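Next come the chains, spelled out residue by residue.
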Amino acid sequence: AQSVTQPDIHITVSEGASLELRCNYSYGATPYLFWYVQSPGQGLQLLLKYFSGDTLVQGIKGFEAEFKRSQSSFNLRKPSVHWSDAAEYFCAVETSGGSYIPTFGRGTSLIVHP
Amino acid sequence: GAGVSQSPSNKVTEKGKDVELRCDPISGHTALYWYRQSLGQGLEFLIYFQGNSAPDKSGLPSDRFSAERTGGSVSTLTIQRTQQEDSAVYLCASSPRGREQYFGPGTRLTVT
């Protein structure tokens with residue numbers, strides 16, 4: 001079965017600084033990969049996804065992520081963080097074998113200092 | 001267009017009571033998921049509906065939990081004889097075909 005690791009429980013950055021949130025997965029083949037964001041008291045919102053093709057994917061709100069097969073990683077990045085980006089970020093992995101049930105990481109809480 | 005809606009937004013119940021949580025998916029989405037999110041935890045998959053196929057119930061934690069989806073649209077998650085450990089946020093998501101999911105705001109369940 002696949003697994004997802006988000007090594008950082010909390011990340012603190014200053015507004016305007018760059019951001020990278022880590023996600024590593026364990027799965028034999030190339031999975032489908034997702035990043036979701038959850039603001040306090042809200043459901044999750046899809047930021048971006050990777051299915052195939054270009055390994056650098058662009059998402060909403062200025063986020064991007066890069067799939068690195070050799071490292072089994074799908075890290076989320078943003079060049080300049082805004083205070084409104086403070087939220088919980090979840091990486092999710094779904095097998096390409098057709099299960100349609102993703103496995104979510106435990107999340108990384110992003111704190112933004114003014 | 002309208003997103004996924006869930007009701008109630010908050011539910012407080014006494015231990016041992018039954019509760020029903022409702023999810024209205026995005027119109028036309030064939031896939032529907034239920035998850036449980038406990039404080040500081042990730043998402044725990046509960047059940048998955050896809051069209052008219054039999055649901056995947058592999059994530060339901062006990063036989064006190066059940067869910068149905070009527071007419072391929074609205075879904076109800078039922079928890080019988082609630083326990084304090086059932087306290088959590090229950091999230092519903094729908095998808096046009098599986099893969100990317102669109103989440104509702106959740107129902108916060110508190111069992112006293």
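Note that the structure is a prediction, hence the values are computed from the model and not measured.

Calculation criteria
Residues numbered from 1 in each chain as written. Chains lettered and ligands numbered in written order. Predicted model: local features only at pLDDT ≥ 70, side-chain atom pairs only at ≥ 80, totals over all residues. Heavy atoms only, no water. Pairing = 2+ DSSP bridges. Helix = DSSP H or I, 4+ residues; strand = E, 2+ residues; numbered from the N terminus. Axes fitted to C-alpha atoms, helices over the stretch in contact; angles between N-to-C directions. Contact = heavy atoms within 4.5 Å. Core = buried A, V, L, I, M, F, W, Y, C linked by side-chain atoms within 4.5 Å. Buried < 20%, exposed > 50% of the residue type's maximum accessible area, 1.4 Å probe, protein only. Buried area = accessible area lost by both parts, 1.4 Å probe. Salt bridge = Lys/Arg side-chain N within 4 Å of Asp/Glu carboxyl O. Polar contact = N/O pair within 3.5 Å; in protein donor to acceptor, adjacent residues only side chain to side chain. Nonpolar A, V, L, I, M, F, W, Y, C, P; charged D, E, K, R; others polar.

J.: Residues and numbers for the sheet that holds strand E6 (residues 65–69) of chain B, please.
T.: Residues and elements named next belong to chain B. An order of E1-E3-E7-E6 is seen for the four strands of this open sheet, with the pairing classed as antiparallel. In the strand order of this sheet, the two ends are held by strand E1 (5–7) and E6, each with one partner. Looking at each pair of strands side by side, their axes are set apart by 15 degrees on average, direction ignored. Here E1 pairs with strand E3 (residues 19–24) via three bridges, running antiparallel.

J.: Go over the environment of Thr30 of chain A, please, and point to the residues and values.
T.: Residues and elements named next belong to chain A. Within the secondary structure layout, Thr30 lies in the loop between strand E4 (24–26) and strand E5 (32–38). A C-alpha to C-alpha distance of 7.6 Å links Thr30 and Arg69, two positions 39 residues apart in sequence. Ignoring anything within four residues of it in the chain, the contact list for Thr30 reads Tyr50, Phe67, Arg69 and Ser96.

J.: Mind laying out the nonpolar core, listing which residues take part and the relevant values?
T.: With 26 residues, the main nonpolar core has Trp35, Leu48, Phe74, Leu76 and Tyr89 of chain A as its most contacted residues. Taken together, the elements giving at least two residues each to this core come down to strand E2 (10–14), strand E3 (19–21), E5, strand E6 (44–50), strand E8 (64–68), strand E9 (73–78), strand E10 (87–94) and strand E12 (108–113) of chain A. Looking at which element gives the most residues to this core, the answer is E10 of chain A, with four residues. The next biggest cluster of nonpolar side chains, apart from the first, holds 20 residues, and it includes Cys23, Trp34, Leu77 and Ala88 of chain B.

J.: Give a description of the interface of chain B and chain A that names residues and reports values.
T.: The partner chain A presents 22 residues to the 19 residues of chain B that form the contact. Buried surface at the junction of chain B and chain A, summed over both partners, amounts to about 1600 Å²; 55% is from carbon and sulfur atoms. When the buried area of chain B at its contact with chain A is split by residue, Arg99, Glu100 and Phe103 of chain B rank highest and sum to 39% of it. Between the two partners, chain B and chain A, sit two salt bridges. Here Glu94 of chain A and Arg99 of chain B are joined by a salt bridge, their closest N and O atoms 2.1 Å apart. On the surface where chain B and chain A come into contact, there are five residue pairs in polar contact (both at pLDDT 80 or more). Elements with a contribution of two residues or more to the side of chain B that touches chain A: strand E4 (31–37) and strand E5 (43–50) of chain B. Residues of the side of chain B that touches chain A, tallied by class, amount to eight nonpolar, seven polar and four charged.

J.: Before we move on, can you summarise the environment of Gly104 of chain B with the specific residues and values?
T.: Secondary-structure assignment places Gly104 of chain B in the loop between strand E9 (102–103) and strand E10 (107–111). Sequence separation of Gly104 of chain B and Thr13 of chain B is 91 residues, and the distance between their C-alpha atoms is 21 Å. Not counting the four nearest positions on each side in its chain, Gly104 of chain B is found in contact with Gly43 of chain A together with Val4, Gln6, Leu91 and Cys92 of chain B.

Keep in mind these values describe shape, not function.
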